[in-house]
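Working through the structure, step by step
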Amino acid sequence: MKRNGVAPGSIANVIDAAMAPRSNGVPFWEQPQKPLVVTLNAQQADAARLMDQVMVLLQFRAWPQAIGPLVKATQLWPTNPEIQYHCGCVWLEMGNLPEAVKKFDVALGLRPKWSDCLNNKSAALARMGDTEGAIKYAEEAVAAAPNVSAYANLCAAYSGMGDNAKALQYGEMAVKLSEATNAMALVNYGVAKRADWALEEAAGSQIRAIELQQKGQSPPDHMAWSNLGAIYNLQGKNHEALDVTQRAHEIAPQLATVLSNMIMFADLLPETTLLDAYVWRRHWAMSYEAPKKRQWKEHKNDRDPNRKLKVGYVGADFRQHSAAHMHGAIIRAHDPEQIAVYIYAGNRYEDAVSAKIREAPALAEWVQTSGMSDEMVADRVYADQIDILVDLAGFTSGGRLVTFACRPSPLQITAWGYANGTGLDAMDFFIADEVVVPKELEHGYHEQVIRMSSLLTFDPFVELPPPTPPPVLKNGYMTYGSLNRVEKISDPILKAWCEILCAQPTARMILKFGGLTGETAERLKAGFAQHGVDPSRVETRGHTPREEHLRVYGEIDIMLDTFPHVGGITTLEALWSGVPCISLIGPRAPSRVSASILHTMGMDDWVATTPEQYVQMACEKAVLDLSELRVSLPDRVKATTVGDPVRYTRELEDVYRGIWRG
C-alpha cells in the first residue's frame with residue numbers, strides 16, 4: 001500500500017538519493033518567488049548543495065536526517081535567511097522549541113516582517129506556553145501579509161486562553177482565506193467549534209481536514225483524527241470515537257496522549273471488562289514507560305520521617321472543572337506545618353477557582369507546565385525534590401503519565417481526577433475506598449490500593465441552591481434526571497431508563513449536558529423512541545452558566561445515574577442540592593464511584609447491583625414521600641469526609657506520612 005505515492009520502506013532510498021550530490025536541477029533558492037543569487041562563493045555553493053538535499057528530506061518529513069546538513073549549511077552561509085528559517089522549522093518539528101525560536105529570530109533579523117517566519121515563531125512560542133508572545137507574532141504575521149497559518153495559530157492561541165469568541169473569529173477567517181483547503185485551519189477551527197458546543201460543525205471541520213489528507217493535498221497528520229475522536233466522544237459515539245482515534249494512533253504511535261484517549265473511550269464501553277481495562281493500561285506502560293526506566297535516577301530526598309513533606313500535585317484542571325472541586329478542596333485544606341504543596345499546572349488559563357486554590361496556606365510553589373514537555377516537568381519535579389507526587393488526571397486531557405513514567409519522585413500516587421489505575425510500574429499507590437476497589441477486585445489494578453474512609457472529598461466553591469420540595473408535589477408527575485455527560489449514556493442504561501419511563505406513563509426525564517443539542521439530542525431521543533418512549537417526555541438541555549446549571553437540580557425528583565461510567569461531581573452536586581440518586585454498581589472503578597458516595601452517606605438502599613434491580617428501585621422510590629430526605633441530604637453530606645475537606649485531608653496527611661515512613 002502506498003501513501004502519498006511512496007511505498008513503505010522506500011523512504012530510506014529517498015533519503016539516500018537526497019544525500020547524494022546533484023549534478024543538475026534548480027537550487028532551492030532559485031525558485032520563482034525567491035530572489036535570484038547570481039554569483040556564489042565556494043562556501044555558499046556548498047551550502048546550496050546541502051540545501052538541495054535538505055529540501056528533498058523535508059518533502060518526506062525526514063526531520064532527524066535533515067538536521068545535520070541544515071546545521072552545516074547555516075555555518076557555511078549564516079547570512080542566508082532561507083537557511084536559518086528552514087533550520088528553525090525543522091527544530092520546531094523536532095520539538096527543540098528554544099532553538100527554533102533562535103533560528104527564526106536570526107532569519108527575521110536578516111529579513112524583517114517575513115510573514116511565514118513570524119508565524120512559525122508564533123507556533124513555537126505557543127508550544128512553549130507563551131500564549132501572549134504567540135498572539136503577538138501571529139498578529140505581526142497577519143499585518144505583514146495575508147497568512148492562513150497565522151490566522152489558524154491565532155485561533156489556537158485564543159482557544160488555549162479560553163477566549164473562544166476570538167478563537168472562532170480567527171478560525172473562520174483562516175478557513176475562508178484558504179477556501180477550506182488548509183488542514184491546520186480546519187483542525188483549529190473545529191477545536192474552537194467543539195468548545196462552543198457546535199459539535200456537528202466541529203466534526204465536519206475535522207472530516208474536511210481528513211479528506212484533504214486522503215487526497216494528498218495535505219501531509220498525513222494525527223490531529224484531525226484525534227480531534228474527531230474527541231468530538232464523537234462528546235456526542236456519545238464511543239465506538240466511533242475509539243475507531244477514529246485508532247487511526248490517529250497508527251499515524252503517530254509515538255504520542256502517548258493518543259493511546260490515553262483510546263483507553264478512556266474503551267473505559268466507557270459496557271463490554272470492557274476489568275481485565276480488558278488492565279491490559280489496555282499495561283500496553284500503555286509497555287509502550288511509553290518501559291523506555292524511560294533506563295533513565296530513572298536515584299532519589300536523594302532527606303528521609304527524615306518526621307519533617308515537613310513536599311507533595312506535588314500534577315494536573316491540568318486547576319480551574320473551573322469538576323476535578324478541581326475534589327483536589328482543590330484538599331490543597332486548600334492542607335496543614336502548612338505538615339505539607340508544602342507544589343502545584344504543576346497544565347491549564348493555560350486561570351479563573352476564580354484557580355484564585356481560590358492559590359489561597360491555600362500550604363502552597364509553596366505554582367509551576368506553569370503548559371509549555372513544558374513531560375520530560376521537562378519530570379526534571380523540574382526531581383530538582384524540586386518532591387517527596388510524594390500525586391497524579392490528578394490519569395489518562396484524561398492534560399494528564400502527565402509520561403512524567404510519572406520518568407519516576408521523578410520516590411513515591412507516586414494516582415487519585416481523584418480519574419478513578420482508575422494507571423498500569424505503571426512507577427505508580428506506587430492508588431487512592432480508593434472499600435467500595436471502589438474491594439479486596440476481590442484488587443487483581444485489576446497494578447498499583448497498591450490504599451483505602452480511605454471515602455474515595456474523595458468535595459468543595460463546590462459556590463453556595464449551592466437550597467433543597468426544594470419534591471417537584472412531583474407541584475407537577476403531579478415524577479421527574480427523573482441525569483446531568484452526566486452524553487458519552488456516559490450507554491445502551492444498557494438507556495434501556496433501563498426506558499423501562500422506568502414505560503412503567504410510569506406520566507413520568508418525565510430531564511437530560512442536560514453541554515453538547516446535548518442538535519443532532520446529538522435528536523439521536524438520543526430517537527433511542528428513547530426505539531424503546532417505546534414518546535420523545536416529548538424527554539427534555540434535553542445544552543450548556544448554561546454554572547449558576548443556572550445548578551438550579552436544574554431543583555427541577556428533578558430523583559437522579560438516575562449512568563453506567564458503566566457513573567457520576568462523581570454530578571452525584572455530589574445532586575445530593576448537596578437535596579436530590580437523591582440511584583446508581584448501578586459494576587465491577588470496575590468507574591462504575592463504583594456513586595456507590596462509594598452513597599455508601600459513605602449510609603444510602604446503600606439507593607445502589608442497585610443489576611439493571612433489573614435498578615429499574616425496580618427507581619419505580620419503588622418514586623411512590624415515596626422524599627420531602628424529609630431532600631431537606632436532610634446536604635447536612636448528611638457535610639457530616640461525612642466526603643463533604644468535610646478538612647477531616648478528609650487530615651486523614652490523607654496520615655496516609656502520606658505512613659507511606660513516607662514506609
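Thresholds applied
Residues numbered from 1 in each chain as written. Predicted model: local features only at pLDDT ≥ 70, side-chain atom pairs only at ≥ 80, totals over all residues. Heavy atoms only, no water. Phe/Tyr/Trp six-rings, centres within 6.5 Å; stacked < 30°, edge-to-face > 60°. Helix = DSSP H or I, 4+ residues; strand = E, 2+ residues; numbered from the N terminus. Buried < 20%, exposed > 50% of the residue type's maximum accessible area, 1.4 Å probe, protein only. Pairing = 2+ DSSP bridges. Axes fitted to C-alpha atoms, helices over the stretch in contact; angles between N-to-C directions. Contact = heavy atoms within 4.5 Å. Core = buried A, V, L, I, M, F, W, Y, C linked by side-chain atoms within 4.5 Å. Disulfide = S-S within 2.5 Å. Right-handed = clockwise from strand over helix to strand, strands pointing away. Salt bridge = Lys/Arg side-chain N within 4 Å of Asp/Glu carboxyl O.

1. Things to note about the packing of aromatic side chains
- In this structure the tally under the stated criterion is 11 aromatic pairs.
- Ring centres of W284 and F395 lie 5.8 Å apart, and the angle between their planes is 75°; this geometry places the pair in the edge-to-face category. Note that W284 is positioned in helix α15 (residues 274-289) and F395 in the loop between β4 (388-391) and α19 (401-405), a separation of 111 residues in sequence. Accessibility assignment for this pair places W284 and F395 in one class, buried.
- Through a chain of ring-to-ring contacts, three or more aromatic side chains come together here, namely Y85, F104 and W114.

2. Focus: the sheet that holds β4
- Strand order in the open sheet made by the 7 strands is β3-β2-β1-β4-β5-β6-β7, with parallel pairing throughout. Taken across any chain shown, the strands that pair with only one partner, and hence form the sheet edges, are β3 (363-368) and β7 (448-451). Pairs of neighbouring strands in the sheet enclose a mean axial angle of 25°, with direction left out of account.
- Examined bridge by bridge, strand β1 (residues 309-315) and β4 share 4 bridges and lie parallel to one another. Residue pairing for β4: V311 is matched across the bridge by I388.
- Across the sheet, helix α28 (residues 645-661) lies against β1, β2 (339-345), β4, β5 (411-414), β6 (429-432) and β7, angled at about 110° from β1, the strand it touches most.

3. A short note on the nonpolar core
- The biggest cluster of nonpolar side chains holds 176 residues, and the ones touching the most others in it are Y313, W416, Y480, F528 and Y656.
- If we ignore the near neighbours within four places in the chain, the residues touching Y656 are L309, V311, Y313, H334, I339, I388, V390, I413 and W416.
- A66, V90, L118 and L125 belong to the second largest nonpolar core, which has 37 residues in total.

4. Considering the state of the cysteines
- Under the defined criterion, the tally for this structure stands at 0 disulfides.
- Here C87 is not disulfide-linked; the sulfur of C89 is the nearest cysteine sulfur, at 9.3 Å.
- Cysteine C89 remains unbridged, with the sulfur of C117 as its closest cysteine sulfur at 7.3 Å.
- Accessibility expressed as a relative area gives 16% for C89, which makes it buried.

5. Digging into the pairing of β1
- Among the 7 residues of β1, 6 are classified as buried, and the element is accordingly described as predominantly covered.
- Sheet topology note: the β1/β2 ladder contains 7 bridges and is parallel. Within β2, the residue paired with Y313 across the bridge is I343.
- Handedness of the β-α-β unit built from β1, helix α16 (residues 324-333) and β2 comes out right-handed.

6. Focus: the environment of A266
- With respect to the helices, strands and loops of the structure, A266 is situated in helix α14 (residues 256-267).
- Accessibility expressed as a relative area gives 2% for A266, which makes it buried.
- Put simply, A266 and W280 are 14 residues apart on the chain and 8.6 Å apart in space, counted from C-alpha to C-alpha.
- Excluding residues that lie within four positions of it along the chain, A266 makes contacts with L242, T272 and W280.

7. Concerning the pattern of salt bridges
- What the rule picks out here adds up to 32 salt bridges.
- Across the salt bridge formed by R111 and E82, the nearest N and O atoms sit 3.6 Å from each other. Placement of R111 in the loop between α5 (97-110) and α6 (115-127) and of E82 in helix α4 (residues 81-94) is noted, with a sequence separation of 29 residues between them.
- By relative accessible area, E82 is classed as buried at 5%.
- A salt bridge links D267 to R588, with the shortest nitrogen-to-oxygen separation between them at 3.7 Å. You can see D267 sitting in helix α14 and its partner R588 sitting in the loop between β12 (581-584) and α25 (593-600), a full 321 residues away along the chain. Neither residue differs from the other here; D267 and R588 are each classed as buried.

By themselves, these observations are geometric and do not establish any function.
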